[in-house]
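# Descriptive structure summary
What follows is each chain in one-letter form.
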Amino acid sequence: MKVILRRFRRDEGGAAMVEYALLVALIALVAIVGVSATGTGINAQFTKITCKIATPAAACDP
């Protein structure tokens, strides 16, 4: 039993896997925030373009 407990304490494979999982989650979070911000900016540009096509004389600032 003592041998098994010693081996369990020395095994760091699980800790490395948890670190990699946290790193992947952080990268995914940053990617989601970046894509969301970019999508919002692109949506504003398309809204302006749509307004200018529909009414060329109008001021189309959001």
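See the structure printed just above.
Bear in mind the structure is a predicted one, so any value in this text is a computation, not a measurement.

Now for the overall build of the protein. From N to C terminus, the protein includes two helices and zero strands. Within the protein, the fraction of its 62 residues that count as buried is 2%.

The subject of this paragraph is the state of the cysteines. Using the criterion set out here, one finds one disulfide in the structure. At a sulfur-sulfur separation of 2.1 Å, the disulfide partner of Cys-51 is Cys-60. An S-S torsion of about -70 degrees defines the bridge between Cys-51 and Cys-60 as left-handed.

This next bit is on the environment of Thr-38. With respect to the secondary-structure elements, Thr-38 resides in helix H2 (residues 13-54). Given a relative accessible area of 46%, Thr-38 falls into the partly exposed group. Only 2.9 Å separates the side chain of Thr-38 from the backbone oxygen of Gly-34, close enough to count as a polar contact.

Here is what the cut-offs are and how they apply
- Residues numbered from 1 in each chain as written.
- Predicted model: local features only at pLDDT ≥ 70, side-chain atom pairs only at ≥ 80, totals over all residues.
- Heavy atoms only, no water.
- Helix = DSSP H or I, 4+ residues; strand = E, 2+ residues; numbered from the N terminus.
- Buried < 20%, exposed > 50% of the residue type's maximum accessible area, 1.4 Å probe, protein only.
- Disulfide = S-S within 2.5 Å.
- Polar contact = N/O pair within 3.5 Å; in protein donor to acceptor, adjacent residues only side chain to side chain.

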